[in-house]
Amino acid sequence: MKVYLSKRAPNPRRVAWVMAEKGITDVEVIDIDLLQGEHRTEAFLGKVGIGNVPALELDSGTVITESVAVCRYLESLHPDPNLFGTSPEDEAVIEMWTRRAELMLAMPLMLTVRHSHPALAVLEKQSPEIAERNRGAAEKSLRFFDRQLAAHPFIAGDRITMADIVAFIGFDFARMVRFTIPDTTPNLQRWADAMRARPAAAVGV
Ligand SMILES: N[C@@H](CCC(=O)N[C@@H](CS)C(=O)NCC(=O)O)C(=O)O
């Protein structure tokens, strides 16, 4: 099995983080240089089918893209520690929070960086308006997550799950454009400090 990742890119980092949490070392990691366009070559597109990382190539030849799908597949092979839920209720709650983390935080934060950081102009026709609108959308979500984290140590409850990984990597990526968690959301700040302290936070950056 091979996984195509790219250093510093947020979606591949989710996979690197999950592999680190689970101690997965038997997957060959191939680093793709996005800024050099290695994901847009005919060879990559022919194999993966889409110019995005991460991509997981199974021994059967099947290629799985979409970072959360890749992570879920890895969890099915390496169930411990559990990041996606252990009962129907637990799974549904974690999926709910993972989607919220994706749509309300990670996606707007990634679009903010993509549309405003000069280094990413090579990948995107940048629009300051899109960057600003997405920064605003992420800012609007902060209190919602802060309230959840006032009642729970992690986003979906009492342990780290995929929802935390998706949300934290979004925040960490947005530091590139000086997006910081404000003092007005101290629970989010406490959670972010705890996430940053995990050994997996050092992988894929
Ligand atoms: N929804 C996909 C998004 C994948 C994605 O956009 N990956 C970025 C890196 S973070 C990429 O490959 N970008 C290449 C490009 O924009 O040309 C996922 O979660 O895997």
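Residues numbered from 1 in each chain as written. Predicted model: local features only at pLDDT ≥ 70, side-chain atom pairs only at ≥ 80, totals over all residues. Heavy atoms only, no water.

### Structural notes on the packing of aromatic side chains
Counted under the stated rule, the structure contains 8 aromatic pairs. Seen from their ring centres, Phe144 and Phe145 are 5.4 Å apart, and the 85° between their planes marks the pair as edge-to-face. Residue classification places Phe144 among the partly exposed positions, given a relative accessible area of 27%. The interplanar angle of 75° and the centroid separation of 6.2 Å between the aromatic rings of Phe168 and Trp191 together place this pair among those described as edge-to-face. A residue pair is termed long-range when its members are at least 10 positions apart, and Phe168 in helix H6 (residues 162-174) and Trp191 in helix H7 (residues 186-196) qualify at 23 residues. The exposure class assigned to Phe168 is buried, which follows from its relative accessible area of 1%. Taken together, the ring pairs in this structure connect Trp17, Phe168, Phe171, Phe179 and Trp191 into an aromatic cluster. (Phe/Tyr/Trp six-rings, centres within 6.5 Å; stacked < 30°, edge-to-face > 60°. Buried < 20%, exposed > 50% of the residue type's maximum accessible area, 1.4 Å probe, protein only. Helix = DSSP H or I, 4+ residues; strand = E, 2+ residues; numbered from the N terminus.)

### Overview of the sheet that holds strand E2 (residues 28-31)
Across the sheet, 4 strands lie side by side as E2-E1-E3-E4; this open sheet has mixed pairing. At either margin of the open sheet sits one strand with a lone partner, and together these are E2 and strand E4 (63-65). The average undirected angle you get between the axes of adjacent strands in this sheet is 20°. The strands touched by helix H1 (residues 10-22) are strand E1 (2-5) and E2; relative to E1, the strand with the most contacts, the crossing angle is about 135°. The strands touched by helix H3 (residues 67-77) are strand E3 (55-57) and E4; relative to E4, the strand with the most contacts, the crossing angle is about 125°. (Pairing = 2+ DSSP bridges. Axes fitted to C-alpha atoms, helices over the stretch in contact; angles between N-to-C directions. Contact = heavy atoms within 4.5 Å.)

### Notes on the side chain of Asp172
Inspection of the secondary structure assignment puts Asp172 in helix H6. Among the residues examined, Asp172 registers a relative accessible area of 13% and is labelled buried.

### Topic: the layout of surface pockets
The rolling of a water-molecule-sized probe over the atoms marks out the regions of remaining empty space. Taken as a whole, the largest pocket encloses approximately 1,100 Å³ of empty space. What lines the largest pocket is a set of 42 residues, among which Ala9, Pro10, Asn11, Pro12 and Val53 lie closest to the centre. Looking at the lining of the largest pocket, the elements that each hand over two or more residues are H1, H3 and helix H4 (88-114). A per-element tally of the lining of the largest pocket places H4 first, with 10 residues. Viewed by domain, the lining of the largest pocket spans two of them, domain 1 (2-77) and domain 2 (88-198), each represented by three or more residues. (1 Å grid on protein atoms, 1.4 Å probe; cavity = no way out; pocket = protein on both sides within 12 Å on 5 of 7 lines; lining within 4 Å. Points joined across faces, edges and corners; volume = space filled by probe spheres on them. Domains from an automatic or database assignment.)

### Side note on the pattern of salt bridges
It is possible for side chains bearing opposite charge to pair when their charged atoms get close. Counting across every chain of the model gives 11 salt bridges. The shortest N-O distance in the salt bridge between Arg114 and Glu124 comes to 2.4 Å. Of the two residues, Arg114 sits in helix H4 while Glu124 sits in the loop between H4 and helix H5 (128-151), which places them 10 residues apart along the sequence. We classify Glu124 as partly exposed; its relative accessible area is 23%. The residue Asp172 makes a salt bridge to Arg175 at a minimum N-O spacing of 3.0 Å. The structure contains a network of salt bridges with shared partners spanning Arg13, Asp172, Arg175 and Arg196. (Salt bridge = Lys/Arg side-chain N within 4 Å of Asp/Glu carboxyl O.)

### Brief notes about the domain arrangement of the protein chain
Domain annotation of the protein chain identifies domain 1 (2-77) and domain 2 (88-198). The distance between the C-alpha centroids of domain 1 and domain 2 comes to 21 Å. If you look at the interface, domain 1 gives 15 residues, while domain 2 gives 19 residues. Buried area between domain 1 and domain 2, summed over both chains or domains, comes out near 1,400 Å², and the portion from carbon and sulfur atoms is 67%. Our enumeration of links across domain 1 and domain 2 arrives at 4 salt bridges. As a salt-bridge pair, Glu95 and Arg72 come within 3.1 Å of each other at their nearest N and O atoms. For the pair domain 1 and domain 2, the interface holds 5 residue pairs in polar contact (both at pLDDT 80 or more). Elements with a minimum of two residues in the side of domain 1 that touches domain 2: H1 and H3. (Buried area = accessible area lost by both parts, 1.4 Å probe. Polar contact = N/O pair within 3.5 Å; in protein donor to acceptor, adjacent residues only side chain to side chain.)

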